[in-house]
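Overview (structure and organization)
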Amino acid sequence: MKYDVIIIGAGSAGSVLATRLSEDPNRSVLLLEAGPDYPSFEQIPDDVKYGYNTARAVSGPHMWGYRAKARPEHDNTFHLPRGKVIGGSSAVNGQVWLRAVPEDFDNWVNWGNNEWSFQEIMPYLNRIENDLDFGGDFHGNEGPIPVRRHKREEWLPTQEAFYRACIEAGLPHCDDMNDPDSTGVGPRPMNNVDGVRMSAAITYLDLARHRLNLTIRAGVTVRRILFEGTKAVAVEVDSGEDRFAIEGGRIILSGGAIASPQLLMLSGVGPRGHLEGLGIPVVHDLPGVGQNLRDHPLVALQFRVRQEYLDDPDTPWSQVALRYTSEGSLTRNDMQVLPGWFADAQGEAPDAAAGMRMAPALENATTAGQLRLTANDPYVQPDLSYNYLDDPGDRARMREAVRLCVGLSQSSAFSGIITEMVSPTGADLASDDALDAWMLRNVSTQQHSSGTCKMGPMEDPLAVVDQYCRVYGVSNLNVIDASVMPDVVRANTNVTTLMIAERLSDWIREGKV
């Protein structure tokens, strides 16, 4: 059978695209996902359904199990959470519903993507959400995904203490982190209601499951996209013991920042020398595929707290957060600090005797990493090298953030709660060089990989897609997911990914793409 549209990957972007494109009953849509499907709420297992226990999700059974390298000079790797289930990473993430700052989209325009100004994308940000706390021009109240903030009377003692420590340090209060001009400390917007993770599968895809023109197939691994010349015409898949091809009038890659560039290269679209070295016939030489691997590098300070303040892992892991601009920075809100109980990069909970972490994350790191194939095989993980904190300016900003967190931990707000700082040690804080060494050993991910199929004009040597998400050099093929972001936005990336899919859905339906 031939489908009008084949969507590869049922994560945030794929779920939106399948739902919106199947609204036309005359368009047949096939949605493919390598992981399992749970078509009813009752069937969803706890690690997907309930969103507060991040250790359960980070190391759970619905993950791809990627390992990544933070620094080229260190052998240690970290766990890179990516969801392998209908709903993708939106079904296993931390549910932080944070919008990018308007300046992020101004940058996209300045880099040659004039359709992506903040004014242009604002209606789509509103379309995807139902904000239960705020209305007005900058919030949606009719979208499929509910958004709420924990009321102050619900905050855990460690969260309340972090908030008061920030205020005592002179940092501003922020009621609404999704206001375009917001900064400071306050409640985090979350797409979690009564402990349930409001994934793209629950909110978007469930709207469309009944449609006869939408076919959802889980447990299907796409091996490669098939071309006639440079025209994408089909996908080769494994389903159980069977291997076969499925034809599509349009093929959309929505596998995310890891799987989408991996599949492009397995299909012969990517850097010629790299593909030829693996015996992959080259369909189109596209050097930017897998380059520009962007993320938010994060380091976690760890503290012991009194026994009565040890948080239950099934309570909200982070109810408040801080966004601020580092000293001398030319970019607003370039830092984010997360307090609370959460799993580390190895998927482990804090040590039994240590009940709290503060984790500063650099929201617009200067340097990028890269993704490369290690085999001509979709079942073999690509090499993921992030090159975190390579830039001296990035290290300086992170040092400042670590020292800020140390100061916050010593605030009177934490008196009687924190008993000791476990890491970094006093020796690690003794000098900039010592602190840099600690950061480079401990830097990890905020789980916001993006940029590996960069959107940009044709003259950009790293661009993989144009601003309409059409892959350069081939036809009938789009990439629509977090991989097309020119740079990682200064926020958790799920909202921006959903917005991109909503906008492209309109363009496809209008025949613009």
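As a starting point, this report considers the structure included with it. (Residues numbered from 1 in each chain as written. Predicted model: local features only at pLDDT ≥ 70, side-chain atom pairs only at ≥ 80, totals over all residues. Heavy atoms only, no water.)

Evaluated as defined, the whole model comprises 38 salt bridges. Between Glu115 and Arg503 there is a salt bridge, with the nearest N and O atoms lying 4.0 Å from each other. With Glu115 in the loop between α4 (102-110) and α5 (118-127) and Arg503 in helix α12 (residues 494-509), this residue pair connects regions lying 388 residues apart in the sequence. As far as the burial class goes, Glu115 and Arg503 line up, both buried. Two residues, Glu502 and Arg127, come together in a salt bridge whose shortest N-O distance is 3.2 Å. Of this pair, Glu502 sits in helix α12 while Arg127 sits in helix α5, placing them 375 residues apart in sequence. On the basis of relative accessibility, which here comes to 0%, the residue Glu502 falls in the buried class. Each of Arg20, Glu23, Arg127, Glu502, Asp506 and Arg509 takes part in one network of salt bridges that share partners. (Salt bridge = Lys/Arg side-chain N within 4 Å of Asp/Glu carboxyl O. Helix = DSSP H or I, 4+ residues; strand = E, 2+ residues; numbered from the N terminus. Buried < 20%, exposed > 50% of the residue type's maximum accessible area, 1.4 Å probe, protein only.)

What follows is about the side chain of Ser260. You can see Ser260 is positioned in helix α8 (residues 256-266). Leave out the neighbours within four places in its chain, and Ser260 touches Leu253, Ser254, Gly255, Cys453, Val479, Asp481 and Ser483. (Contact = heavy atoms within 4.5 Å.)

Bringing the nonpolar core into the picture now. The biggest cluster of nonpolar side chains holds 142 residues, and the ones touching the most others in it are Phe162 and Val235. Broken down by element, the residue count for this core peaks at eight residues, all from α12. Of all hydrophobic cores here, the second largest spans eight residues; its members include Ile44, Val48, Ala91 and Val196. (Core = buried A, V, L, I, M, F, W, Y, C linked by side-chain atoms within 4.5 Å.)

With respect to the helices, strands and loops of the structure, Ser449 is situated in the loop between β24 (444-445) and β25 (477-479). A polar contact of 2.6 Å, which involves the side chain of Ser449, links it to the side chain of Tyr386. Every residue in contact with Ser449, bar those within four places of it in the chain, is listed here: Leu80, Ala257, Ile258, Leu293, Arg294, Asp295, Tyr386 and Ala482. (Polar contact = N/O pair within 3.5 Å; in protein donor to acceptor, adjacent residues only side chain to side chain.)

To continue, consider α4. Since the α-helix advances by 3.6 residues per turn, residues separated by three or four positions end up pointing in the same direction. Of all the positions in α4, only Pro102, Asp104, Phe105 and Trp108 are classed as buried. The buried residues of α4 all sit within an arc of 155° when viewed along its axis, so they share a single face. The elements touched by buried residues of α4 are α5 and α12. (Arc of directions from axis to C-beta.)

Scanning the model with the defined rule gives nine aromatic pairs in all. With 6.0 Å between their ring centres and 5° between their planes, Trp64 and Tyr66 make a pair best called stacked. Assessed through its relative accessible area of 4%, Tyr66 is described here as buried. Their ring planes at 65° and their centres at 5.0 Å tell us that Tyr468 and Trp507 sit as a pair that is edge-to-face. Taken together, the residues Tyr468 in the loop between β24 and β25 and Trp507 in helix α12 connect sequence positions 39 residues apart. Here Tyr468 matches Trp507 in class, with each residue buried. Joined through ring pairs, the aromatic side chains of Phe105, Trp108, Trp116, Tyr468 and Trp507 make up one cluster. Positioned over the ring face of Phe41 is Lys49, at 4.4 Å from the centre of the ring. Sitting above the plane of the Trp116 ring, Arg503 keeps its charged end 5.5 Å from the centroid. (Phe/Tyr/Trp six-rings, centres within 6.5 Å; stacked < 30°, edge-to-face > 60°. Lys NZ or Arg CZ within 6 Å of the ring centre and 35° of its normal.)

Counting buried positions over the 11 residues of α8 gives 11, a clear majority of the element. Among all positions in α8, only Gly256, Ala257, Ile258, Ala259, Ser260, Pro261, Gln262, Leu263, Leu264, Met265 and Leu266 are buried. Positive phi appears at Gly268, one or two residues downstream of α8, with a value of about 95°.

Moving on, we get to unusual backbone geometry. Cis geometry is adopted by the peptide bond preceding Pro424, which originates at Ser423 and carries an omega value of 5°. Of note in this structure, Gln447 is not a glycine but carries a positive phi near 75°. Residue position: Gln447 is located in the loop between β24 and β25. With a relative accessible area of 30%, Gln447 lands in the partly exposed category.

For the rest of this paragraph, the subject is the packing of α5 against α12. In the contact formed by α5 and α12, the axes pass within 9 Å of each other and the chain directions differ by 110°. Of the possible angle classes, the one that applies to α5 and α12 is roughly perpendicular. Contact with α5, carried on its side by Glu120, Ile121, Tyr124, Leu125 and Arg127, involves Val495, Met499, Glu502, Arg503, Asp506 and Arg509 of α12 and no other residues of that element. Taken together, the residues of the contact of α5 with α12 break down into five nonpolar, no polar and six charged. (Axes fitted to C-alpha atoms, helices over the stretch in contact; angles between N-to-C directions. Parallel < 35°, antiparallel > 145°, perpendicular 65-115°, else oblique. Nonpolar A, V, L, I, M, F, W, Y, C, P; charged D, E, K, R; others polar.)

Here we come to the state of the cysteines. Summed over the entire model, instances satisfying the criterion amount to zero disulfides. Cys174 takes part in no disulfide bond, and the closest cysteine sulfur, belonging to Cys166, lies 12 Å away. You can see Cys453 has no disulfide; the closest cysteine sulfur is in Cys469, sitting 9.9 Å from it. For Cys453, a relative accessible area of 0% translates into the label buried. (Disulfide = S-S within 2.5 Å.)

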